[in-house]
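Here is how the chains run, residue by residue.
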Amino acid sequence: MRGFIDLHSHWVAGIDDGARTTADSVALLTALREAGFDTVCATPHMRPGMFENTASDLRAAYEATRAAIEGAQGLPALLLGSEHFFDDIVFQRLMDGAGLPYPGGRAALVELPTRGFPARLEHRFSDLRRQRIRPVLAHPERYE
């Protein structure tokens, strides 16, 4: 089967806990293509205190990785978003337009703490929806 879209992948090299090298990026993307994924959206972490990435940092790392793997054959189409750790800082970035939603800007991948959701989470999700950003929950299997 073909035509799958991966909306949560850490294939950008050297920016977070995903691919360390561009060779790792190629290996991951090749395996995803062989598994039927025609499009893969990179979602490197934006998580202050752990991965100090801004949207501009992630765009630069994405472009550098793309340039380094340009000659690789048989890769899926590549897109960029971010996995936004949903703390006060990153929430405000999303509200101010400084986050990195999925292409098109209408949805953003968000990650919550595994224990104890942020206060007023439903209000913050509503605030995002008023900005026309649909929160997409990363790792729901991890939340207690």
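Before going into details, it helps to say that this report is about the structure given with it.

Remarks on the nonpolar core
One finds Trp11, Val12, Leu29 and Tyr62 to be the most contacted residues of the largest nonpolar core, which totals 18 residues. Of all the secondary-structure elements, those providing two or more residues to this core are α1 (22-34), β2 (37-42), α2 (55-68) and β4 (77-80). Among the elements that take part in this core, α2 stands out by supplying 4 residues, more than any other. Setting aside residues up to four positions removed in sequence, leucine 29 forms contacts with Trp11, Val40, Ile69, Leu75, Pro76 and Leu78. Formed by 10 residues, the second largest nonpolar core is a distinct cluster that contains Leu94, Ala108, Leu112 and Tyr143.

Concerning the pairing of β4
By the alternation rule, side chains of β4 split into Leu78 and Leu80, which are all buried, and Ala77 and Leu79, of which none is buried. Pairing of β2 with β4, which is carried by 4 bridges, proceeds in the parallel orientation. Following the sheet pairing, valine 40 is matched in β4 by leucine 78.

Conventions adopted
- Residues numbered from 1 in each chain as written.
- Predicted model: local features only at pLDDT ≥ 70, side-chain atom pairs only at ≥ 80, totals over all residues.
- Heavy atoms only, no water.
- Core = buried A, V, L, I, M, F, W, Y, C linked by side-chain atoms within 4.5 Å.
- Buried < 20%, exposed > 50% of the residue type's maximum accessible area, 1.4 Å probe, protein only.
- Helix = DSSP H or I, 4+ residues; strand = E, 2+ residues; numbered from the N terminus.
- Contact = heavy atoms within 4.5 Å.
- Pairing = 2+ DSSP bridges.

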